[in-house]
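Given next are the chains, with one letter for each unit.
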2 protein chains.
Amino acid sequence: MALIVQKFGGTSVGSTERIEQVAAKIKQFRADGHDIVVVVSAMSGETNRLLALAQQITEKPSKREMDVMVSTGEQVTIALLSMALIKQGVPAVSFTGAQIPLVTDSEFSKARILSIDESKVRAQLQAGKVVVVAGFQGVDEQGNITTLGRGGSDTTAVALAAALKADECQIYTDVDGVYTTDPRVVPQAKRLEQITFEEMLEMASLGSKILQIRAVEFAGKYNVPLRVLHSFQEGAGTLITLDDEDSMEQPVISGIAFSRDEAKLTIRGVPDTPGVAFKILGPVSAANIEIDMIVQNVAKDNTTDFTFTVNHLDYDKALEVLNSVATSIGAREVAGTTNIAKVSIVGVGMRSHAGVASCMFEALAKENINIQMISTSEIKVSVVVEEKYLELAVRALHTAFDLDAPTKKAE
Amino acid sequence: MALIVQKFGGTSVGSTERIEQVAAKIKQFRADGHDIVVVVSAMSGETNRLLALAQQITEKPSKREMDVMVSTGEQVTIALLSMALIKQGVPAVSFTGAQIPLVTDSEFSKARILSIDESKVRAQLQAGKVVVVAGFQGVDEQGNITTLGRGGSDTTAVALAAALKADECQIYTDVDGVYTTDPRVVPQAKRLEQITFEEMLEMASLGSKILQIRAVEFAGKYNVPLRVLHSFQEGAGTLITLDDEDSMEQPVISGIAFSRDEAKLTIRGVPDTPGVAFKILGPVSAANIEIDMIVQNVAKDNTTDFTFTVNHLDYDKALEVLNSVATSIGAREVAGTTNIAKVSIVGVGMRSHAGVASCMFEALAKENINIQMISTSEIKVSVVVEEKYLELAVRALHTAFDLDAPTKKAE
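Everything quoted here is computed from the prediction, not taken from an experiment. (Residues numbered from 1 in each chain as written. Chains lettered and ligands numbered in written order. Predicted model: local features only at pLDDT ≥ 70, side-chain atom pairs only at ≥ 80, totals over all residues. Heavy atoms only, no water.)

This part takes up the UniProt feature "binding site: substrate" (unreviewed entry) in chain A. Residues and elements named next belong to chain A. In the numbering used here, UniProt assigns the feature "binding site: substrate" (unreviewed entry) to Thr 47 and Glu 74. With the annotated positions falling across 28 residues, the maximum pairwise C-alpha distance of 9.0 Å places them together in a single cluster. With respect to the helices and strands, the residue Thr 47 is situated in helix H2 (residues 46-57). Relative accessible area serves as the criterion here: at 26%, Thr 47 is assigned to the partly exposed category. Discounting chain neighbours no more than four positions away, the residues touching Glu 74 are Val 40, Ser 41, Ala 42, Ala 134, Gly 135, Phe 136 and Gln 137. (UniProt positions renumbered as here; feature names shortened; annotations may be inferred. Helix = DSSP H or I, 4+ residues; strand = E, 2+ residues; numbered from the N terminus. Buried < 20%, exposed > 50% of the residue type's maximum accessible area, 1.4 Å probe, protein only. Contact = heavy atoms within 4.5 Å.)

This is how it looks when you write it as C-alpha cells:
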C-alpha cells in the first residue's frame, strides 16, 4: 500500500476514450491497494484552440488573462477524468490549482511554486477517493490564477508528491522510459532501469525531451522517486532516484545525449587583459541570450581567441552583439557557424573512474571525427563536432561505453 | 457618473468579433464617465460542446464535476473580453465566481447565492478598471465550484448590482426591450419604456422569456433598477423598477402575456366534503407536477367539479394521478385537454381601476371567444381559452386596452 502521484499528459487524455482508458488504469492501481493522486494536463489541442481565440483578439494578450483562459484546459480534463472514474465505480474528486491551493508567485505564464497546502488532498484520500488535480496551474497570494509554463504539469505532480511525501511520482508519457540514447539514432539503445536525478538533468538539458528539467530538479531537491512510464503500454519504465552510492554495478556512463540546436561563435585576436571575458559575454547575456559552452584559448602575442555556443535561434542576434563588442574592445575578427552539434556522455560513474574523457576522445578519433570544443562537468563530458558527424559520433560512443543492448530489440 | 453592471449573454459574446464589439460598447460607456462591471456568459455553443464531452463518458455525470467543467465556459469569456478591453486601451481585470467570491449553497447545477463579497470588485473599480465577472457560477463554503442553473448569468448580474448598490443593472439581449405583447402575434405591439418588477414577474412567468424570473425577483427584492436592451442596437430598452406610485400616467394594463404550454384537467362529481381539494391536489403535487390555475365550481347535489391546469409536458402524468384519485374519492369522471391557451392582462394600474376584468371579458365576448377558466391576482387577470382563439384574443385585448402603437412600426 503506497501513496502514488501519477501524471498524464495531453496526449494521454486527448479524447474521452483515452480518458476512460486512463480511468481504467487508475482503477487497477487502486485495486492493488494504492492511494492515488492524479495530475492531468489539458486535452491535446485544447491549449492551442484557446491560444488561437486569444490571437484573434490581440497579438499581445494580457498575461494575467491568458492564464485565466488557458487554465480552463486542465479544469475540463479533471472534471472529465473524475466523471470517468466515478462511472467505473471509483470515488473521485477534482481540484483546480486554486482549490488545492497550490500557491505560486505572480509571474503569469511562468509562475514558480511557493507552497502547497496538501491537507484537502489528504482528507479526500483518507475518505477513500482518488484525487484528480489540474496540472500546470496555481494561484498567487492575491488569488489570481497563474500557470507554471512549459512542463508545468510534471512540476505540479512532483511538487504534490513532495508535499504529500508520496512513495513515488509516476510520469506517464509516449515513451516507455529513458534510453541510453535516442533509439532513432542508435537502434541498440536500451531502456535504463534506473538513473540518478543528476544524470537525468544532464540528459534532459542536453536534448532528451522526456521530462522537463524543472520537474527533475524539484524531484531531486525533495528526493521524490520519479518514474517515467508509457501511458498505454505495460512496463516498469525508468526510475529516477538519488545516487545509490552502495551500488557497485553502476555503469561508468549511463547515457549519451546530443543536441543539434547549438551555434558556435568565435571572437579572435582579443587583447588579453583582465576582465575581457566579462566584456565579451556581458553584452551577450544582457541581450537575453543564454550561453552554453565557453572556451578561451591560451594567450599568444598578448591576444587570445574566445569561443562560446548559444542556441541556434539566438545565433543572428549573438553575432550582431559580438560584432559590436569586437569593435569596442579592438578584437581582430568574429566568426561563427550553426553547422555544429553537441554530443555528451553522462554518468555519475565517471566520478570514480579516471580516463573516461580520453576513452571518449579515442572513440571519436577512431572515426576521424574532429572535436571543436570540449566542456566537462562532474558527471558529463560534452564535445562539439561538425553536425554531419553527429549520428556517427553517438553510435561510436554508445558502443565504446558498452551501452549497446545485448540483442537487437526483439522483445 | 454612475456605477453600472452590464450583462452580455452567450450570443452577444458568441465569437471573438462580437467580444470585440462588446468591448467597444463598454469603452463608450466608460468614456461617458461610468464605472462598469460586466457579467458574461459562455460563448454560445461552448456549454453544449462541454456537455457533449461529458455525455461521451457517462449519461449521469457527477454534478459536482459537471459544474467544474461547465464553469470553464464563462472563464474563457471573461479572459477574452478583458483582453479585448485592454487592447482597446481600457484597463480591465477578470474574476471567476470563486475569485469574487460569490458564495452559494452546495446544490450543484442549481446553486443559490448566499453572499457576495464586493470588496475586490470595488477595489478594482477604484483603481480605474472595468471588472469582468463570470456569470452563472459561484463557490460554496467548502470551496467547491458551483453553477446557478438556468438564467444564472442574469442572476449574477443582479446580485452583483445589489451588492455594489449599482445605479443600474443592464441586461443585453437579442430584443430591444419588453413589449406590450409578442410582436409576432400583434404587429402593433410597442416597447414599454418602463415596467414594474411585479409586472415583469407576471409577464415572465406567463411566457415572456426575456429575463429569468429569478433575476427579476432578486432585482425586486433588492430594488436594483433593471434595464433590458439590445446588445448591438441603439435604444433605451425597457427599465424595470419599483412601482412609481406618484405616476398618474400609469396605464391600467402594461402588457398581455400568453402561453400555449398549458393543459387542463377536470375531475367531475366530486363528493363535496371538507379537505377534498387537498385530496385531489396533494397527490398531483407529490408527483412533482406544478399546478397553475385552480377552479372549483359551486357544489350542486352535494358534488362539485374541480378543474386545474398544469404544464402540457406533465399532462399524461397528471391524468394518471387524477384517475387513481378519482377512484379513491368516488368522483364521477376525469376529463382533460391540452388544446387550450392562457391569456393574461398584466398591470399594476388595475389595483386602482375597477372594471378591468369585465372590460377583458367584454372584449373577448365581442369576438365570440368562450372563456373556460378565470384566475385573478392583484395585478393580473388570466383566462383559459380554446387554443385556436389565442392570437385573436391577444389582438382583441391589445386593442381594447389601448396598447396598440399609434403608427405601424416604420422606424
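Looking now at the sheet that holds strand S2 (residues 35-40) of chain B. Residues and elements named next belong to chain B. Across the sheet, eight strands lie side by side as S3-S6-S2-S1-S9-S11-S12-S10; this open sheet has mixed pairing. Of all strands in the sheet, those bounded by a partner on one side alone are strand S3 (92-95) and strand S10 (194-196). The sheet shows a mean angle of 20° between the axes of neighbouring strands, direction not considered. Bridging between S2 and strand S6 (residues 130-134) involves four bridges; their strand directions are parallel. Bridge pairing links Val 37 to Val 131 in S6. Helix H3 (residues 63-87) contacts S2, S3 and S6 of the sheet and is inclined by roughly 165° relative to S6. (Pairing = 2+ DSSP bridges. Axes fitted to C-alpha atoms, helices over the stretch in contact; angles between N-to-C directions.)

Inspection of every chain in the model, using the stated rule, returns 34 salt bridges over all chains. Notably, a salt bridge pairs A:Glu168 with A:Arg227, separated by 2.7 Å at the nearest N-O pair. A residue pair is termed long-range when its members are at least 10 positions apart, and A:Glu168 in strand S9 (residues 168-173) and A:Arg227 in strand S11 (residues 226-230) qualify at 59 residues. The same class applies to A:Glu168 as to A:Arg227, namely buried. For B:Asp292, the salt bridge goes to B:Lys342, with nearest N and O atoms at 2.4 Å. Linking B:Asp292 in strand S15 (residues 291-296) with B:Lys342 in strand S18 (residues 340-346), this pair joins segments that are 50 residues apart in sequence. Three or more residues are tied together by salt bridges with common partners; here these are A:Glu46, A:Arg49, B:Glu46 and B:Arg49. (Salt bridge = Lys/Arg side-chain N within 4 Å of Asp/Glu carboxyl O.)

Time to look at the relation of the copies chain B and chain A. Mapping chain B onto chain A calls for a rotation angle of 179° and an axial translation of 0.1 Å; the resulting RMSD is 0.3 Å. Taken together, the rotation and translation relating the two chain copies correspond to the operation of a two-fold axis. Rotation axis and chain B: the residue whose C-alpha lies nearest the axis is B:Thr72, separated from it by 2.5 Å. A share of 100% of interface residues in chain B that are also interface residues in chain A marks the association as one of identical surfaces. (Least-squares fit on C-alpha atoms with pLDDT ≥ 70 in both.)

All right, on to empty space enclosed by the protein then. To find leftover empty space, a probe the size of one water molecule is rolled over the atoms. Per the stated rule, a full pass over the model turns up one cavity of 30 Å³ or more. In this structure, the largest cavity encloses a volume near 30 Å³. Contributing to the lining of the largest cavity are A:Met43, A:Glu46, A:Gly73, A:Val76, A:Thr77, B:Arg49 and B:Leu53. Mapped onto the lining of the largest cavity, the elements with two or more residues apiece are helix H3 (63-87) of chain A together with helix H2 (46-57) of chain B. If you tally residues by element for the lining of the largest cavity, the top one is H3(A), at three residues. Looking at the lining of the largest cavity, its residues break down into three nonpolar, two polar and two charged. (1 Å grid on protein atoms, 1.4 Å probe; cavity = no way out; pocket = protein on both sides within 12 Å on 5 of 7 lines; lining within 4 Å. Points joined across faces, edges and corners; volume = space filled by probe spheres on them. Nonpolar A, V, L, I, M, F, W, Y, C, P; charged D, E, K, R; others polar.)

Let us now look at the environment of A:Glu141. Residue and element names in this part refer to chain A. Turning to its location among the elements, Glu 141 is positioned in the loop between strand S7 (137-139) and strand S8 (145-147). In the structure, Glu 141 is positioned 36 residues away from Asp 105 in sequence and 7.3 Å away in space, judged by C-alpha atoms. Setting aside anything within four residues of it in sequence, one finds Glu 141 in contact with Val 103, Thr 104 and Leu 114.

This brings us to the nonpolar core. If you look at the biggest cluster of nonpolar residues, it comprises 44 residues, and the most contacted ones within it are B:Val5, B:Val37, B:Val121, B:Cys169 and B:Leu226. Sort the elements by how many residues they give to this core and helix H5 (residues 152-164) of chain B lands first, with eight residues. Look past the residues within four positions of B:Leu226 in its chain and what remains in contact with it is B:Val158, B:Cys169, B:Ile171, B:Phe197, B:Leu211, B:Val216, B:Ala219, B:Thr238, B:Leu239 and B:Ile240. One finds A:Val121, A:Ala159, A:Leu164 and A:Leu226 within the second-largest nonpolar core, a separate group that totals 43 residues. (Core = buried A, V, L, I, M, F, W, Y, C linked by side-chain atoms within 4.5 Å.)

A separate point is the packing of helix H1 (residues 16-31) of chain A against H3(A). Residues and elements named next belong to chain A. For the pair H1 and H3, interaxial distance at closest approach is 9 Å and the crossing angle is 55°. By the angle between their directions, the pair H1 and H3 is classed as oblique. Classified by chirality, the crossing of H3 by H1 is right-handed. Between H1 and H3, the residues in contact are Ile 19, Glu 20, Val 22, Ala 23 and Ile 26 and Thr 77, Leu 80, Leu 81, Ala 84, Leu 85 and Lys 87, respectively. Here the contact of H1 with H3 is built from residues that sort into eight nonpolar, one polar and two charged. (Parallel < 35°, antiparallel > 145°, perpendicular 65-115°, else oblique. Left-handed = near helix turned anticlockwise from the far one by under 90°.)

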